[in-house]
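# Per-entry structural report
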Amino acid sequence: MKALSIQDISMVFTVPGGDPVRALDHVSLDLQPGELMSVLGPSGCGKTTLLNIIAGFLSPTAGQVVLQDPQANGGASVVTGPGADRGMIADTDASVVTGPGAERGMVFQQGALFEWLTVEKNIAFGPKMAGKSSADIKVTVEHLLETVGLQDFGKKPVYQLSGGMQQRVALARCLANDPEVILMDEPLGALDALTREKMQGLVLQLWDETRKTIILITHSVEEALFLGERLIVMAPRPGRIEREYRLPFAKRGLNESPREIKASPDFIEKREEILSMIWEMEEEIMGQAGDAA
Amino acid sequence: MSSQQQPSGWMVWLGLADNSFTRQKTVKFGDASAVNSGRGYGVISVLAFIILWWVATAAEWINPIYWPGLDAVFDRVGKLANEGFRNIALWDHIWISVYRVLSGVVYGALIGIPLGFAMGLWSVAKGIFDPIVEFIRPIPPLALIPLIILWFGIDEFAKIFLLALASLFIMIIAARAGVNSVRVSKVHAAYSLGASKLQVLLRVILPNALPEIFTGLRTAMGVCWGTVVAAELVAADRGIGSMIMIAKNFLNTDIVVIGIVIIGLIGFAIEILMRMLERKLIPWRGKG
């Protein structure tokens, strides 16, 4: 069974007066349920575009994203979220993504929390939109506050929290809806190095506890290696999948110390390999830009 | 360094001494946070003005018709407070002006905020109203007084209409700016959490726009306070502006000066009050 299937997606942005930009070129991917996949690549490789297409914020020029519905049994498919705008595929329990929906949770970089609400109310936002009872919401919120280690901060306004704590809230807010797939767009990008390492541990822990399908986009080679059970390296112009890795580090990270893993020879070897790959891509872009100029 | 004596809290508050942090800085010129409050000099300048006023009028350097004596002003304040002005209590003159401003701002906001939201969210509304707003915006509200007198006369409705108009355009622009200021990731987050369009509007776009809306209200209050006084100068039998105008006709310079001081004080009080309200109601301002 597949949780998510990205089927031959192309994305072309036409710029008035310029050449069309091929942000994504025939990208295909299948995700198994419970898979944690990190996506890495130099800027301009289309990784954020890809995530926005999966989230339903952008509609691709060609191809489609198909979402498996694990709740469905038999032929009829149940589609949660804003359903009217979502097309169906006959004979399967799947739906084609045509817009945002509650079954795909998002975690953004800092600044996407609702600063006018307290920590609790940010986390309660999704269940409240779904019309859950306030008793149910309370149970969910308390459980999640504990899960992300913020049990004493529920009543605080989010703007009083540090960057790392705010991202804990963002994770909890996303989990409150119990989404099938979690899409993370550079969630730790704005954090300082130490907080970032701690939060990587939390992401792994949450993945282990909830067994959600997670796609994580990052700039950091180290983060992509450490968190990605599966790692996709994308290349720019046109945006495409350059290489794919299966990695043991995320699983090992559940038991071993992250510092040890990141210092281990096989981790370092992979890191250098990927770094030189991305380095070459950047060189190539610079070369192209140089030719054009 | 520690051998230096710590300045007393009072001296720091008055701005006559550096606070302990500023004292450690070697670069002060150009660092705005190293500029002290200067309250001590403020006290001196106010006292100097009052003393100059007292000396100049007591020594009869100035004709009281141009500028009243300090003692005469105090006498007149007592009389106005007790007897009122032209059979209307001083408080009523003040209140009617404040009431006109509040009404104008409220009506302006009630129409302006939804209109600003519509313009920020919907291209049709933007297209229809943008040329009108951009055209009327640079016209000072006072320039509309003659037209409004022609249309509605000089009764209460005419004044509140003028003030509502003055605040309307400020509120439209503020609400539209508030809508435009929403970070798209917040809207995306809300949709991903299952919010409908209406829920995104009420629970994300509206609260996100509140700081801008409040700034608009504050500006509208200030502009309307200036406009109401001017409108009353032109045509009114009550209100703080009319009091000044009538007093001028009788050469009661002391009342004119009192009226001006009251206008200044109330304008200042409105600003302070709005800032306090803002801190209380929108503590998240600027912290997204």
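Basis of the calculations
Residues numbered from 1 in each chain as written. Chains lettered and ligands numbered in written order. Predicted model: local features only at pLDDT ≥ 70, side-chain atom pairs only at ≥ 80, totals over all residues. Heavy atoms only, no water. Helix = DSSP H or I, 4+ residues; strand = E, 2+ residues; numbered from the N terminus. Buried < 20%, exposed > 50% of the residue type's maximum accessible area, 1.4 Å probe, protein only. pLDDT = per-residue confidence, 0-100. Pairing = 2+ DSSP bridges. Axes fitted to C-alpha atoms, helices over the stretch in contact; angles between N-to-C directions. Domains from an automatic or database assignment. Buried area = accessible area lost by both parts, 1.4 Å probe. Salt bridge = Lys/Arg side-chain N within 4 Å of Asp/Glu carboxyl O. Contact = heavy atoms within 4.5 Å. Polar contact = N/O pair within 3.5 Å; in protein donor to acceptor, adjacent residues only side chain to side chain. Patch = residues over 30% accessible without salt bridge, like charges linked within 9 Å, V, L, I, M, F, W, Y side chains within 5 Å. Areas by Shrake-Rupley, 256 points an atom, 1.4 Å probe, with all protein chains shown as cover. Lys, Arg positive; Asp, Glu negative; His and termini not counted. Charge placed at Lys NZ, Arg CZ, Asp CG, Glu CD. Core = buried A, V, L, I, M, F, W, Y, C linked by side-chain atoms within 4.5 Å. Parallel < 35°, antiparallel > 145°, perpendicular 65-115°, else oblique. Left-handed = near helix turned anticlockwise from the far one by under 90°. Nonpolar A, V, L, I, M, F, W, Y, C, P; charged D, E, K, R; others polar.

What follows concerns the overall build of chain A. Broken down by element type, chain A carries nine helices and 10 strands. Counting only residues that meet the buried cut, chain A has 52% of its 293 residues in that class.

Another point: the confidence of the model for chain B. When pLDDT is low, close inspection of the predicted coordinates is not appropriate. Residue and element names in this part refer to chain B. Overall, the prediction assigns chain B a mean pLDDT of 91, with 98% of residues at 70 or greater. Looking at the elements of chain B, mean pLDDT is at its lowest for helix α2 (residues 20-23), recorded as 86, and at its highest for helix α5 (residues 90-121), recorded as 95. Our summary of model confidence lists the complex with pTM equal to 0.85 and ipTM equal to 0.88.

The subject of this paragraph is the sheet that holds strand β2 (residues 21-31) of chain A. Residues and elements named next belong to chain A. Read from one edge of the open sheet, four strands run β2-β1-β4-β5, paired in antiparallel fashion. Because the sheet does not close on itself, it has two edges, and the strands there are β2 and β5 (94-96). Shown here is a sheet whose adjacent strand axes are inclined to one another by a mean of 20°, direction ignored.

Another point: the environment of G44 of chain A. Residue and element names in this part refer to chain A. Mapped onto the secondary structure, G44 falls in the loop between β3 (36-40) and α1 (47-55). Residue classification places G44 among the exposed positions, given a relative accessible area of 60%. Each C-alpha atom, one on G44 and one on H26, is 16 Å from the other, the two residues being 18 residues apart in sequence.

To continue, consider the domain arrangement of chain A. All names here are of chain A. Split by domain assignment, chain A resolves into domain 1 (3-103 + 183-292) and domain 2 (109-178). Counting the surface lost from both domain 1 and domain 2, the interface buries some 1200 Å², and carbon and sulfur atoms represent 66% of this. On inspection of domain 1 and its partner domain 2, the count reaches one salt bridge. K212 serves as the salt-bridge partner of D178, at 2.4 Å between the closest nitrogen and oxygen. Those elements that place two or more of their residues in the side of domain 1 that touches domain 2 are β7 (181-185) and α5 (193-210).

On to the interface of chain A and chain B, then. On the side of chain B, 20 residues touch chain A, which itself brings 21 residues to the contact. Of the roughly 2000 Å² buried where chain A meets chain B, counting both sides, 67% is carbon and sulfur surface. On the chain A side of the interface with chain B, the three residues burying the most area are W116, M129 and Y159 of chain A, jointly 35% of the side's total. Here chain A and chain B share one salt bridge between them. Seen at the junction of chain A and chain B, the total is six residue pairs in polar contact (both at pLDDT 80 or more). Mapped onto the side of chain A that touches chain B, the elements with two or more residues apiece are β6 (104-107) and α2 (119-129) of chain A. Among the elements that line the side of chain A that touches chain B, the one with the most residues is α2 of chain A, at four residues.

Residue and element names in this part refer to chain A. The peptide bond linking R237 to P238 adopts the cis configuration, its omega dihedral lying at -5°. Relative to the helices and strands, P238 resides in the loop between β9 (230-235) and β10 (240-246). Its identity as a non-glycine residue notwithstanding, D8 has a phi of 55°, on the positive side. Positionally, D8 belongs in strand β1 (residues 4-13).

As a further point, take α2 of chain A. The buried fraction of α2 of chain A is high, at eight of 11 residues. Those residues of α2 of chain A that sit buried are V119, N122, I123, A124, F125, G126, P127 and M129 of chain A. Elements in contact with the buried residues of α2 of chain A: α3 (134-147) and α4 (163-175) of chain A together with α9 (184-192) and α10 (197-234) of chain B. One or two steps after α2 of chain A, the chain reaches G131 of chain A, where phi turns positive at roughly 75°.

It is worth spelling out the domain arrangement of chain B at this point. Partitioning chain B into structural domains gives domain 1 (9-67) and domain 2 (82-281). Measuring from the centre of the C-alpha atoms in domain 1 of chain B to the corresponding centre in domain 2 of chain B gives 33 Å.

Next up on the list: a negative patch on the surface. Residues and elements named next belong to chain A. Negative charge collects at one region of the surface, where E280, E282, E283 and E284 lie side by side. When you line up the elements, E282 lands in helix α9 (residues 265-292). For E282, a relative accessible area of 33% puts it in the partly exposed group.

Moving on, we get to the pattern of salt bridges. For the structure on display, the rule yields 34 salt bridges over all chains. Note that E229 of chain A is salt-bridged to K251 of chain A, the shortest N-O span being 2.8 Å. Of this pair, E229 of chain A sits in the loop between α6 (221-227) and β9 while K251 of chain A sits in helix α7 (residues 249-253), and the two are 22 residues apart along the sequence. For E229 of chain A, a relative accessible area of 17% corresponds to the buried category. In this structure, the salt-bridge partner of R218 of chain B is E278 of chain B, at a minimum N-O distance of 3.2 Å. Within this pair, whereas R218 of chain B is found in helix α10, its partner E278 of chain B is found in helix α12 (residues 253-281), the two being separated by 60 residues in sequence. A residue is classified by how much of its surface remains accessible, and R218 of chain B, at 23% relative accessible area, is partly exposed.

Membership of the largest hydrophobic core comes to 58 residues, with the highest contact counts inside it found for F114 and F125 of chain A together with V204, W225 and I240 of chain B. Of all the elements in the fold, those that place two or more residues in this core are α2 of chain A together with α4 (70-83), α5, α8 (156-180), α9, α10, α11 (240-249) and α12 of chain B. If we skip the residues at most four places from it in the chain, F125 of chain A touches F114 and L117 of chain A together with A190, L193, A195, R203 and V204 of chain B. Ranked by size, the runner-up nonpolar core spans 53 residues in total, among them V107, V119, L202 and L204 of chain A.

Attention shifts here to the packing of α2 of chain A against α3 of chain A. All names here are of chain A. Packing of α2 against α3 brings their axes to within 9 Å, and their N-to-C directions diverge by 130°. Looking at the two axes, α2 sits oblique to α3. Every pair of crossing elements has a handedness; the one defined by α2 and α3 is right-handed. Of the residues in α3, those touching α2 at V119, E120, I123, A124, P127 and K128 are I137, V141, L144 and L145. In terms of residue class, the contact of α2 with α3 is built from eight nonpolar, no polar and two charged.

Moving on, we get to the side chain of K212 of chain A. Residues and elements named next belong to chain A. With respect to the helices and strands, K212 occurs in the loop between α5 and β8 (213-218). For K212, the side chain forms a polar contact with the side chain of D178, separated by 2.4 Å. Ignoring any residue separated from it by four or fewer positions in sequence, one finds K212 in contact with G34, E35, D178, P179, E180, I182 and W207.

Before going further, it helps to examine the side chain of S38 of chain A. Here S38 of chain A shows up in strand β3. Look past the residues within four positions of S38 of chain A in its chain and what remains in contact with it is L216, A224, G228, R230, L231 and I232 of chain A.

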